[in-house]
Amino acid sequence: MTSPTLTLGSILIAYSPTFSLLLLLVLQKPQLVILAVCSAFAYLLSALLSSVVWLVTSAIGNAIHSNNGDDNDGDDGDGNSNNAIGTLFALAIPGVLCQMIVRCLFVNGYFKVENVIRRSVAKHEKEEIAAHNANNNNAANNNSNNNNNNNNAGNPPSETNALQLQLNDLSCSIAAGCGYALLHALFLYGTLLASESGESGSYDEGAYGGGGGSTGYGGTLYQASCGGIPSLINGALISCMFSVLDVMWMMLCFFGMRRRSSSSPSSQPNNNACASAIPSSSAGPSTIASLLRGITFRGLTDTPSGGNAAVLLVGITHLAASLVLAPNGYEDGCKISLPLLGGVVLWVAAVLRRVVAKGRFLPEDQRRRIQGMQLGLGSAGQTHHVE
């Protein structure tokens, strides 16, 4: 019987990473909540796109199979194996590509919105400074009033800098990853959880009333792919690891798209952050060299080629995470797939840690802004980064 405690424990395993980040980070700031909701919608679009691609490819495959007729009737064993492998790649590759495309488009769209916000803040700062300067000119004969107005003139830029400090790539990438991961986890695990938790409602004052569950006959669901543990736990572990991966993939995508949209790591922050990627032949190592550095845990370069490598690394590890679940199609396959999926999580975490540990995750203008806020510098030198 699927007890309520098993259901509750499975929910905590599957959703605790994303809910923890949501409660501790995202819900503290309304800007991050909006970003998380938008990223969840982006996952919906990627799921819709991959579903359409699968419908088209499956229809084409069925048409080809029907045209072939019974040519392969005598090759049932090899044919089934080939069909399984073909179905695996037909599902994994388009699904990963669709998610990659939508994820990159979402990040690029965020950069465009960020650029609009920066220009609006810069315009507001200029208007505030002009208004305070006008007040200073009107009160030029009163030195005390001049001093007070001069002090007040520095407040608006300081306030806007504090607002922009909340919209750095680190916090925004985590917030976007949380929204993306939460909806992905709901789609990945919600159906199984809903069918099995239906049996939890069959308890009346601690006594099992019968029925319920995914089978309709009661009992806890076990599958041949993982006969040692309930399917709820197996699915919860997979959902948990993919949630962590979704957050880290979004962070790497922010890092990569930011570097691709800038000419160099030392480029002025006044440049359009959403410009097209500039060829990286003269900006450090090549994309392949940067990719090899990232894969071997030597860090990603703070260059456009490093950004390209980060985006490619997201796609490679996403495809690997999808393919390592293939053993679940065989008896006790979870004994292979779960450790392999955990290895992919550790792999991506090690790559991301090298990027963050070297202080390269944030772009140069955001690093200067944060350092200026931490050092308590005056507003005079902190207003140009938004222009």
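Residues numbered from 1 in each chain as written. Predicted model: local features only at pLDDT ≥ 70, side-chain atom pairs only at ≥ 80, totals over all residues. Heavy atoms only, no water.

1. Points about the overall build of the chain
Of regular secondary structure, the chain possesses 11 helices and 2 strands. Secondary structure elements of the chain occur, N-terminal to C-terminal, as α-α-α-α-α-α-β-β-α-α-α-α-α. Relative to its 387 residues, the chain shows a buried fraction of 44%. Sequence-distant contacts, at least 24 apart, represent 76% of the contacts inside the chain between residues at least 6 apart. For the chain, the accessible area works out to roughly 19,300 Å², and carbon and sulfur atoms hold 61% of it. (Helix = DSSP H or I, 4+ residues; strand = E, 2+ residues; numbered from the N terminus. Buried < 20%, exposed > 50% of the residue type's maximum accessible area, 1.4 Å probe, protein only. Contact = heavy atoms within 4.5 Å. Areas by Shrake-Rupley, 256 points an atom, 1.4 Å probe, with all protein chains shown as cover.)

2. Things to note about the packing of aromatic side chains
Applying the stated criterion across every chain, the model contains 9 aromatic pairs. Arranged with centres 6.3 Å apart and planes meeting at 70 degrees, the rings of Y15 and F19 form a pair that is edge-to-face. Taken as a pair, Y15 and F19 lie in helix α1 (residues 4-24) at a separation of 4 residues, close to a single helical turn. With relative accessibility at 5%, the residue Y15 sits in the buried group. We classify F19 as partly exposed; its relative accessible area is 41%. Among the aromatic residues, ring-to-ring pairing joins Y15, F19 and Y189 into one connected group. The cationic tip of R258 hangs over the ring face of F111; the distance from NZ or CZ to the ring centre is 4.0 Å. (Phe/Tyr/Trp six-rings, centres within 6.5 Å; stacked < 30°, edge-to-face > 60°. Lys NZ or Arg CZ within 6 Å of the ring centre and 35° of its normal.)

3. Here's the deal with the environment of C38
Position of C38 relative to the elements: it lies in helix α2 (residues 30-68). Taking the C-alpha atoms as reference points, C38 and Y180, 142 residues apart in sequence, are found 8.6 Å from one another.

4. Focus on the nonpolar core
With 72 residues, the main nonpolar core has V107, L245, F254 and L341 as its most contacted residues. Mapped onto this core, the elements with two or more residues apiece are α1, α2, α3 (76-138), α6 (169-200), α7 (231-260), α9 (304-323) and α10 (334-357). Residues contacting V107, with those up to four places away along its chain left out, are M250, C253, F254 and M257. (Core = buried A, V, L, I, M, F, W, Y, C linked by side-chain atoms within 4.5 Å.)

5. Brief notes about the pattern of salt bridges
Inspection of the entire model under this criterion finds 8 salt bridges. In this structure, the salt-bridge partner of D246 is R103, at a minimum N-O distance of 3.8 Å. Pair noted here: D246 is in helix α7 and R103 is in helix α3, with a separation of 143 residues, a long-range link. By the burial criterion, D246 is buried, and R103 matches it. (Salt bridge = Lys/Arg side-chain N within 4 Å of Asp/Glu carboxyl O.)

6. Digging into the state of the cysteines
Summed over all chains, the structure comprises 1 disulfide. Bridging C226 to C334, the disulfide has an S-S length of 2.1 Å. Handedness here is read from the sign of the S-S torsion; for C226 and C334, about 75 degrees, the answer is right-handed. Of this pair, C226 sits in the loop between β2 (207-208) and α7 while C334 sits in helix α10, and the two are 108 residues apart along the sequence. (Disulfide = S-S within 2.5 Å.)

7. Section: the layout of surface pockets
Once rolled over the atoms, a probe with the size of a water molecule shows which space is left empty. Looking at the largest pocket, its volume works out to about 960 Å³. Contributing to the lining of the largest pocket are 32 residues, with L91, L188, F242, S322 and L325 lying nearest its centre. Only α2, α3, α6, α7 and α9 provide two or more residues apiece to the lining of the largest pocket. No other element matches α3, which puts 9 residues into the lining of the largest pocket. (1 Å grid on protein atoms, 1.4 Å probe; cavity = no way out; pocket = protein on both sides within 12 Å on 5 of 7 lines; lining within 4 Å. Points joined across faces, edges and corners; volume = space filled by probe spheres on them.)

8. Observations concerning a nonpolar patch on the surface
Side chains of I85, F89, I93, L97, I101 and L105 sit close together on the surface and give an oily, nonpolar patch of about 550 Å² of accessible area. Within the element layout of this structure, F89 appears in helix α3. With a relative accessible area of 37%, F89 lands in the partly exposed category. (Patch = residues over 30% accessible without salt bridge, like charges linked within 9 Å, V, L, I, M, F, W, Y side chains within 5 Å.)

9. Notes on the side chain of R367
As for its position among the elements, R367 is in helix α11 (residues 364-375). Among the polar contacts made by the side chain of R367, one reaches the side chain of D302 at a distance of 2.9 Å. Residues in contact with R367, not counting those within four places in the same chain, are R259, D302, G359, R360 and L362. (Polar contact = N/O pair within 3.5 Å; in protein donor to acceptor, adjacent residues only side chain to side chain.)

10. Focus: the packing of helix α8 (residues 287-295) against α9
Orientation of α8 relative to α9, taken along the N-to-C sense of each, is 55 degrees, at an axis distance of 8 Å. Comparing the axis directions of α8 and α9 gives the class oblique. In terms of crossing hand, the pair formed by α8 and α9 is right-handed. Along its contact with α8, which presents T287, S290, L291 and I295, the element α9 presents S305, G306, N308, A309, L312, L313 and I316. By residue class, the composition of the contact of α8 with α9 is 6 nonpolar, 5 polar and no charged. (Axes fitted to C-alpha atoms, helices over the stretch in contact; angles between N-to-C directions. Parallel < 35°, antiparallel > 145°, perpendicular 65-115°, else oblique. Left-handed = near helix turned anticlockwise from the far one by under 90°. Nonpolar A, V, L, I, M, F, W, Y, C, P; charged D, E, K, R; others polar.)

11. Observations regarding the confidence of the model for the chain
Overall, the prediction assigns the chain a mean pLDDT of 78, with 73% of residues at 70 or greater. For the chain, the element scoring lowest by mean pLDDT is helix α4 (residues 143-153), at 49; α7 scores highest, at 94. This stretch, residues 148-158, has a pLDDT under 50; its non-local contacts, to residues over four places away or in other chains, come to 15 contacts. Low pLDDT (under 50) marks residues 263-283, which in the prediction has 37 contacts with non-local residues, meaning those over four places away or in another chain. (pLDDT = per-residue confidence, 0-100.)

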